[in-house]
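Each chain, letter by letter, is given below.
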Amino acid sequence: MLSAEMFDTISRYLSIVRANKNPFGGIQLLLVGDFCQLPPVKGSFCFESVEWKRLSPTVVNLNTLVRQDDDKFFQEILQRARFSNVTDEDIKILEQCKRKEDINYTCLCSTNKEADFINNNQLDKLLSNSDIQPILYVNSLYKKEKLKLCIGCKVMINWNIDLDSGIINGTTGTVVSLNNESVRLKITNRNRLYTVNHKSIKDEDTGLLIGKIMPLQLAWATTIHKSQGSTIDYLELDLGQSIFADGQAYVALSRVKKLENLSIINIHKNAFTTDKFVYNFYKKLNL
């Protein structure tokens, strides 16, 4: 999602700081990403920038889908979806992915408005019980609004807080107890409890403490944009006319590990689109 404009700006500043006219002041770069996913919010792709052309980086294609490693059939569908080559047979298979009873799904929405409506509606239902008392948490250093949680809330962890235990960005759970310092979760569809504590945010240069956040967000629903990079245990999707961006349907579909963990509300073949500049970029590289 790094734009061409930002790419050029970073390079220009580094060249000034290092007194070196080469791209990025001569610093060696390792760039990682997939242009078939969501495009920059503003501007063009970084491979269209002046500095990309000057840099002329060597491109290495990583072709192993680690997230879906246990579902080879699903991997094949995703490979076609990545370049908007889904077949009618693929659509028929995805249409058969229906909600199962006793499974706690996270719904991915195209817009913040849709996700906020679902989350606020579910939270209001919980809080209508007068016995339930909410607690407010700071979950972002950049937003004024605080996160309101109570027992029964479905939440998503938005930080890799315990890699060894599999508690990572995208892990979901239900609040079973909470206080001002921590939130106790029952991890979704697993017979396991985990306590989430505040995360200290430090300045990368000075090491000084900037603030503390509770690395959680409401997760009855979230947006496709916010989900990029996450692995979601059980996923419900609307891949119909609400899809509005290139790569959006592919990103949404690829958040889950297995077809059996997927529920499709609605799906249109024309929801799977790839930006023409991205398509040509990879075609020229024979990737």
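Check the entry above for the structure.
These numbers were taken from a predicted model, which means no experiment stands behind them.

Colleague: Explain the pairing of strand β7 (residues 193–197) to me, using residue names and the numbers behind them.
Modeller: Side chains of β7 alternate between two faces, with Y194 and V196 buried and L193, T195 and N197 left unburied. The hairpin turn running from strand β6 (residues 182–187) into β7, its antiparallel successor, is five residues long, and N189 in that turn takes a positive phi close to 55°.

Colleague: Talk me through a nonpolar patch on the surface; I want residue IDs and the actual numbers.
Modeller: Taken together, L2, M6 and I10 make up a surface patch of nonpolar side chains, about 240 Å² in accessible area. Looking at the secondary structure, you find I10 in helix α1 (residues 4–17).

Colleague: Requested: an account of the nonpolar core, with residues and values cited.
Modeller: Ranked by size, the top nonpolar core spans 32 residues in total, and within it L237, L239, L253, L259, L262, I264 and F272 carry the most contacts. Secondary-structure elements contributing two or more residues to this core are α3 (72–82), α4 (88–95), β12 (235–239), α7 (248–253) and β13 (262–267). Of the residues forming this core, the biggest block, five residues, is contributed by α7. Residues in contact with F272, not counting those within four places in the same chain, are A81, S84, V86, I91, L239, A249, Y250, L253 and I267. Core analysis: the second largest hydrophobic core is formed by 22 residues, L147, C150, I167 and Y194 among them.

Colleague: An account of the side chain of D162 is requested, with residue identities and associated values reported.
Modeller: Its location among the elements puts D162 in the loop between β4 (154–157) and β5 (172–178). Of the side chains bearing the opposite charge, R192 lies closest to the buried D162, which forms no salt bridge; the N-O distance is 5.1 Å. At 3.0 Å, the side chain of D162 forms a polar contact with the side chain of Y194. Once you skip the residues sitting within four places of it in the chain, D162 turns out to touch I167 and Y194.

Conventions we followed
- Residues numbered from 1 in each chain as written.
- Predicted model: local features only at pLDDT ≥ 70, side-chain atom pairs only at ≥ 80, totals over all residues.
- Heavy atoms only, no water.
- Buried < 20%, exposed > 50% of the residue type's maximum accessible area, 1.4 Å probe, protein only.
- Helix = DSSP H or I, 4+ residues; strand = E, 2+ residues; numbered from the N terminus.
- Pairing = 2+ DSSP bridges.
- Patch = residues over 30% accessible without salt bridge, like charges linked within 9 Å, V, L, I, M, F, W, Y side chains within 5 Å.
- Areas by Shrake-Rupley, 256 points an atom, 1.4 Å probe, with all protein chains shown as cover.
- Salt bridge = Lys/Arg side-chain N within 4 Å of Asp/Glu carboxyl O.
- Core = buried A, V, L, I, M, F, W, Y, C linked by side-chain atoms within 4.5 Å.
- Contact = heavy atoms within 4.5 Å.
- Lys, Arg positive; Asp, Glu negative; His and termini not counted.
- Polar contact = N/O pair within 3.5 Å; in protein donor to acceptor, adjacent residues only side chain to side chain.

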